[in-house]
Amino acid sequence: MSIFSNNIRFLRARRKLSQQNVADELMISRVRYSKYENGISEPPIELLIKISKYFHVSIDLMLSVDIQKYPMDDMLKLPDNRIVLPVVVDTHGNDTIEIIPQKASMGYLEGYSDVDYIESLQRIALPFLTNGKYRAFPADGDSMPPFRNGSYIVGKYVEGINDLKQGKTYVFVTLNDGITYKRFKERKENAICVSADNSFYESYEIPFEEVVEIWQYASGIFPEDFEPGDYESYNFKEMFRELRQDIRDLDKKVSGSRRKQS
């Protein structure tokens, strides 16, 4: 038997319906429906859509997750017919937070919709973060002080671009840039404008179609040796390093131009 057949059997039993009840609603015979529950055959896509709507469960969920393991009311569904995952709690009843690995953050773009990948992540519980779905993302670079490499940004899931608040910081998961933590400035016609808190970096736009997920900043996790002064000194070192490189590049262009003229 498949995950799908087990799921529709479970959903039917949960609502205390007979196979005939469900078959009548789907306008098929009971014998045909029973073959789906027994894993003898699979429904065509048109019927699969009807079954999904009848049980109010996404197709993605019915085909890929053993929903008997999770409370259905705690499933956090997304607009594009996938799920973030059930809200899992620890032994004390606190919501658990998945941690995206520092070394494999780019893999999140391939695994964010993969239930098995998300379930394989390590989890922590922060009792003061409630009423929402949270996830921890690794910080990268020096654009958003005081976060730096080794830090983690805990974000609360945001359902859509319309829920963004001007001046607030968010983790944006995008198709081109992967995971990026920035401050939301304004919404344009077809894009959102974001900026870094480090003034050395310029604001830029993210097209709507590139946005995969949005998580609003909720808390931070810093390495044990974190010292506020470290970031400031590092920032200036990095700035002068880039400035020296720009001067070298400019010098090469000028030298090349002079050689052509001679």
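Because the structure is predicted, anything quoted here is derived from the model rather than measured.

Engineer: Help me out: how do you make sense of the overall build of the chain in this one?
Structural biologist: Per the secondary structure count, the chain includes eight helices and 11 strands. Looking at the chain residue by residue over its 262 residues, the buried ones come to 40%. Partitioning the contacts of the chain with sequence separation of at least 6, the portion at a separation of at least 24 is 58%. Summing over all exposed atoms, the chain offers an accessible surface of approximately 15300 Å²; the carbon and sulfur share of this is 49%.

Engineer: I'm lost on the nonpolar core in this one. Help?
Structural biologist: Ile8, Leu26, Tyr33, Ile51, Phe55 and Met62 are the most contacted members of the largest nonpolar core, which totals 20 residues. If you list the elements that add at least two residues to this core, you get helix H1 (3-14), helix H2 (19-26), helix H3 (30-37), helix H4 (45-55) and helix H5 (59-64). A per-element tally of this core places H4 first, with five residues. Core analysis: the next-biggest nonpolar cluster, separate from the first, contains 17 residues, Tyr108, Tyr117, Phe137 and Tyr181 among them.

Engineer: Sorry if this is basic, but what is going on with the sheet that holds strand E8 (residues 178-187) here?
Structural biologist: The strands that make up a sheet are held in pairs by hydrogen bonds between backbone atoms, and each pair lies either parallel or antiparallel. Taken together, the nine strands give an open sheet; going across it, the order is E4-E3-E5-E6-E11-E7-E8-E9-E10, and neighbouring strands pair in mixed fashion. Every interior strand has two partners, whereas the edge strands, strand E4 (123-125) and strand E10 (204-207), have only one. Averaged over neighbouring strand pairs, the angle between their axes works out to 45 degrees when direction is ignored. One ladder, built from four bridges, connects strand E9 (residues 191-195) with E10; its direction is antiparallel.

Engineer: Sorry if this is basic, but what is going on with the packing of H1 against H3 here?
Structural biologist: A pair of packed helices can be characterised by two numbers: the angle between their axes and the separation between those axes. Packing of H1 against H3 brings their axes to within 7 Å, and their N-to-C directions diverge by 120 degrees. Put simply, H1 runs oblique to H3. Facing Phe4, Ser5, Ile8, Arg9 and Arg12 of H1, the residues of H3 in contact are Tyr33, Tyr36 and Glu37. Its residues placed into classes, the contact of H1 with H3 shows four nonpolar, one polar and three charged.

Engineer: Just checking my understanding: could you explain the packing of aromatic side chains for this structure?
Structural biologist: A ring pair, where both rings are aromatic, is described by two values, the distance of the centres and the angle of the planes. According to the stated counting rule, one finds nine aromatic pairs in the structure shown. Aromatic pair Phe147 and Tyr217: ring centres 5.9 Å apart, planes at 70 degrees, arrangement edge-to-face. Of this pair, Phe147 sits in the loop between strand E5 (134-138) and strand E6 (152-158) while Tyr217 sits in strand E11 (residues 211-221), placing them 70 residues apart in sequence. Classification of Phe147 by relative accessible area gives buried; the value is 5%. The exposure class of Tyr217 is partly exposed, given its relative accessible area of 34%. Each ring, one from Phe200 and one from Tyr201, has its centre 5.7 Å from the other, and the planes form 90 degrees; the classification is edge-to-face. On the accessibility criterion, Tyr201 (29% relative accessible area) is partly exposed. Three or more aromatic residues joined by ring pairs form one cluster here, namely Phe147, Tyr181, Tyr217 and Phe222. Positioned above the aromatic ring of Tyr54 is the side chain of Arg15, whose terminal nitrogen or guanidinium carbon lies 4.7 Å from the ring centre.

Quick notes on the rules
- Every residue gets a number counted from 1 within its own chain, in the order that chain's sequence is written.
- A pLDDT threshold of at least 70 governs which residues receive local features in this predicted model, and a stricter bar of 80 or more applies before side-chain atom pairs are shown or counted, although totals over entire chains, interfaces and linings include all residues.
- Computation of side-chain values: all heavy atoms of the structure, hydrogens and water removed.
- Segments assigned H or I by DSSP are reported as helices when at least four residues long, segments assigned E as strands when at least two residues long, and all are numbered from the N terminus.
- Per-residue accessibility, obtained with a 1.4 Å probe over protein chains only, is compared with the maximum for each type, and a residue is labelled buried under 20%, exposed over 50%, and partly exposed between these values.
- Whether two residues touch is decided by their heavy atoms; if any such pair falls within 4.5 Å, the residues are in contact.
- Throughout, the Shrake-Rupley method with a 1.4 Å probe supplies accessible areas, and for residues the shown protein chains are the sole cover considered.
- The term nonpolar core refers to a set of buried residues drawn from Ala, Val, Leu, Ile, Met, Phe, Trp, Tyr and Cys, joined through side-chain atoms within 4.5 Å.
- Any two strands with at least two DSSP bridges between them are considered paired.
- Only C-alpha atoms enter the line fits that serve as axes; for helices the fit covers just the stretch in contact. Angles between N-to-C directions range over 0 to 180 degrees.
- An angle below 35 degrees is read as roughly parallel, one above 145 as roughly antiparallel, one from 65 to 115 as roughly perpendicular, and any other as oblique.
- Gly counts as polar in this scheme, as do all residues outside two lists: the nonpolar Ala, Val, Leu, Ile, Met, Phe, Trp, Tyr, Cys and Pro, and the charged Asp, Glu, Lys and Arg.
- Side-chain rings of Phe, Tyr and Trp, where Trp is taken by its six-membered ring, are said to pair if the distance between their centres is within 6.5 Å; with planes under 30 degrees apart they count as stacked, over 60 as edge-to-face, and otherwise as tilted.
- For a lysine, the NZ atom is tested; for an arginine, the CZ atom; a charge sits over a ring if that atom is within 6 Å of the ring centre and within 35 degrees of the ring normal.

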